[in-house]
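# Structure assessment
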Amino acid sequence: MDIAAGIAHEINTPMQFVQDNVAYVEQVLERVNEVIRCYESQLTDDDPIAWKQRRLTIDEMIRDCGCNHVRLQIEEAVAECHLGIQRVVSIVKAMKMFSHPGNEGRVLIDLNEAIDMAITISRTRWKYAAKVKLDLDRELQPVSVFASELNQVLLNLVVNACDAIVSKFGEGDQGQIHITTRSTETEVVIEIRDNGCGIPTEAQHRVFDQFFTTKEVGKGTGQGLALCRNVIVKMHGGTLRFESEVGQGTTFYIGLPKAVEQTGSEQVSEVDANSTVVGEVVGESEATYSLVES
């Protein structure tokens, strides 16, 4: 499913049951108002009716209205509305974060929040095929990055993991996507692991090549991983590598440097134009990319 169409679907679903619950509350409130009007009518001093008779009239109205049941139903309906609204708010927040224009220089962001947003945005791609497990270091310090571009990398890698799972299992609940964050002395590391089909050994040295894809014709452009390499390695001076075993799955490792040299309010844009990207294949299952000065 297209990401944009999926987001529309994700928003429509909670809003639909919010609408249904509001309609129900509107309907039963009229019954509650009948009880209130009955109660108010029994408080008048104009008619010398004994309190016992007044109470019987009120009790009968409450019983006919099913007031106790209605009260519980209203509480549940309101609670569901809150959940639906919170879901929409989280989706809109993720959309706002991912639609933020790029080319604005580096900003400090919470990587864990960025991962949460990527999971939210891509939910329609993985919810029928996989379970997502997050093991995030909540003590992680903010990292200086090109936010819009990094968000696109995270989204691409999550979608790729989902596609690999669907290729192996189809739709179901056997797929697993495990995302972790951790900190070393020099960098912050993000791992995105899946138990999908894996990358064919003969194709592993080409996965970062532009326009190269292992997906079926019409299902992949071959630009996603090339973009990821450009963003992580060239723009951030980081590292991007993977480990993959056919039939078992793939793990991508993103390394982002902690320290960024800045003078005053100067923003660091891209890595020096004289830097070149060098690819190294380790064995037959791991590819590592790093920067070297030319």
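Bear in mind that the values here come from a model prediction, so they are computed numbers and not experimental data. (Residues numbered from 1 in each chain as written. Predicted model: local features only at pLDDT ≥ 70, side-chain atom pairs only at ≥ 80, totals over all residues. Heavy atoms only, no water.)

## Focus: the environment of Val 70
Take Val 70: it is sitting in helix α3 (residues 67-98). In the structure, Val 70 is positioned 39 residues away from Arg 31 in sequence and 8.8 Å away in space, judged by C-alpha atoms. Setting aside its immediate chain neighbours within four residues, Val 70 contacts Val 28, Arg 31, Val 32 and Cys 65. (Helix = DSSP H or I, 4+ residues; strand = E, 2+ residues; numbered from the N terminus. Contact = heavy atoms within 4.5 Å.)

## A look at the environment of Ile 109
You can see Ile 109 is positioned in strand β1 (residues 107-109). For the pair Ile 109 and Phe 146, spaced 37 residues apart in sequence, the C-alpha separation works out to 9.2 Å. Those residues in contact with Ile 109, other than ones at most four positions away along the chain, are Ala 114, Pro 142, Val 143, Val 145, Ala 147 and Leu 150.

## A word on the side chain of Thr 251
Along the chain, Thr 251 falls in strand β7 (residues 249-257). Its relative accessible area of 7% is what places Thr 251 among the buried residues. Among the polar contacts listed, one links the side chain of Thr 251 to the side chain of Arg 193, at a separation of 3.4 Å. Not counting the four nearest positions on each side in its chain, Thr 251 is found in contact with Glu 191, Ile 192, Arg 193, Arg 241, Phe 242 and Glu 243. (Buried < 20%, exposed > 50% of the residue type's maximum accessible area, 1.4 Å probe, protein only. Polar contact = N/O pair within 3.5 Å; in protein donor to acceptor, adjacent residues only side chain to side chain.)

## Examining the nonpolar core
Ranked by size, the top nonpolar core spans 42 residues in total, and within it Leu 111, Ile 179 and Ile 254 carry the most contacts. Broken down by secondary-structure element, the contributors of at least two residues to this core are α4 (111-121), β3 (143-145), α6 (147-169), β4 (175-183), β5 (187-194), α7 (224-235), β6 (239-245) and β7. When residues of this core are assigned to their parent elements, the largest contribution, eight residues, is made by α6. In this structure, Ile 91, Ala 94, Met 117 and Val 159 belong to the second largest nonpolar core, which totals seven residues. (Core = buried A, V, L, I, M, F, W, Y, C linked by side-chain atoms within 4.5 Å.)

## Here's the deal with the pairing of β6
Residues Leu 240, Phe 242 and Ser 244 line the buried face of β6, whereas the alternating positions Thr 239, Arg 241, Glu 243 and Glu 245 sit on a face that is not buried. Bridge count between β6 and β7: seven bridges; the pairing is antiparallel. Counterpart to Arg 241 in the pairing with β7 is Tyr 253. Connecting β6 to the antiparallel partner β7 that follows it, the hairpin turn spans three residues, and Gly 247 within it adopts a positive phi of roughly 85°. (Pairing = 2+ DSSP bridges.)

## Some points on the packing of aromatic side chains
For the structure on display, the rule yields one aromatic pair. Over the face of the ring belonging to Tyr 253 we find Arg 241, whose NZ or CZ atom lies 4.0 Å from the ring centre. (Phe/Tyr/Trp six-rings, centres within 6.5 Å; stacked < 30°, edge-to-face > 60°. Lys NZ or Arg CZ within 6 Å of the ring centre and 35° of its normal.)

## Let's talk about the pattern of salt bridges
Within this structure, the stated rule accounts for four salt bridges. Asp 163 is paired through a salt bridge with Arg 125; the nearest N and O atoms lie 3.0 Å apart. In this pair, Asp 163 is assigned in helix α6 and Arg 125 in helix α5 (residues 123-126), connecting sequence segments 38 residues apart. When its relative accessible area of 22% is taken as the criterion, Arg 125 is described as partly exposed. With a shortest N-O distance of 3.4 Å, Glu 243 and Arg 241 are connected by a salt bridge. Given the relative accessible area of 31%, Glu 243 is considered partly exposed. Exposure remark for Arg 241: the relative accessible area of 22% places this residue in the partly exposed category. The network of salt bridges with shared partners includes Arg 182, Glu 191 and Arg 193. (Salt bridge = Lys/Arg side-chain N within 4 Å of Asp/Glu carboxyl O.)

## Quick look at the packing of α4 against α6
In contact at an axis separation of 9 Å, α4 and α6 are set at 50° when each is read in the N-to-C sense. In terms of axis orientation, α4 runs oblique to α6. In the crossing of α4 with α6, the sense of the turn from one axis to the other is right-handed. Every residue of α6 that contacts α4 at Leu 111, Ala 114, Ile 115, Ala 118, Ile 119 and Ile 121 is listed here: Leu 150, Asn 151, Leu 154, Leu 155 and Val 158. Each residue belonging to the contact of α4 with α6 can be placed in one class, and the counts come to 10 nonpolar, one polar and no charged. (Axes fitted to C-alpha atoms, helices over the stretch in contact; angles between N-to-C directions. Parallel < 35°, antiparallel > 145°, perpendicular 65-115°, else oblique. Left-handed = near helix turned anticlockwise from the far one by under 90°. Nonpolar A, V, L, I, M, F, W, Y, C, P; charged D, E, K, R; others polar.)

## Description of helix α2 (residues 51-65)
Taking 1.5 Å per residue as the helical rise, α2 with its 15 residues ought to reach 21 Å, and the 21 Å between its terminal C-alpha atoms agrees with that figure. Along α2, the residues classified as buried are Arg 54, Ile 58 and Cys 65. Projected onto a plane normal to the axis of α2, the buried residues spread over an arc of 30° and lie on a single side. Across α2 from its buried face, at more than 90 degrees, point the exposed residues Lys 52, Arg 63 and Asp 64. (Expected span 1.5 Å × (residues − 1). Arc of directions from axis to C-beta.)

## Re the confidence of the model for the protein
Low pLDDT means the predicted atomic positions in that stretch should not be read closely. Per-residue confidence for the protein gives a mean pLDDT of 76, with 76% of residues at or over 70. The lowest-confidence element of the protein is strand β8 (residues 275-282), averaging 32 in pLDDT; the highest-confidence one is β5, averaging 96. Low confidence marks residues 261-294, where pLDDT is under 50. Its contacts with residues over four positions away, or in another chain, come to 74 contacts. (pLDDT = per-residue confidence, 0-100.)

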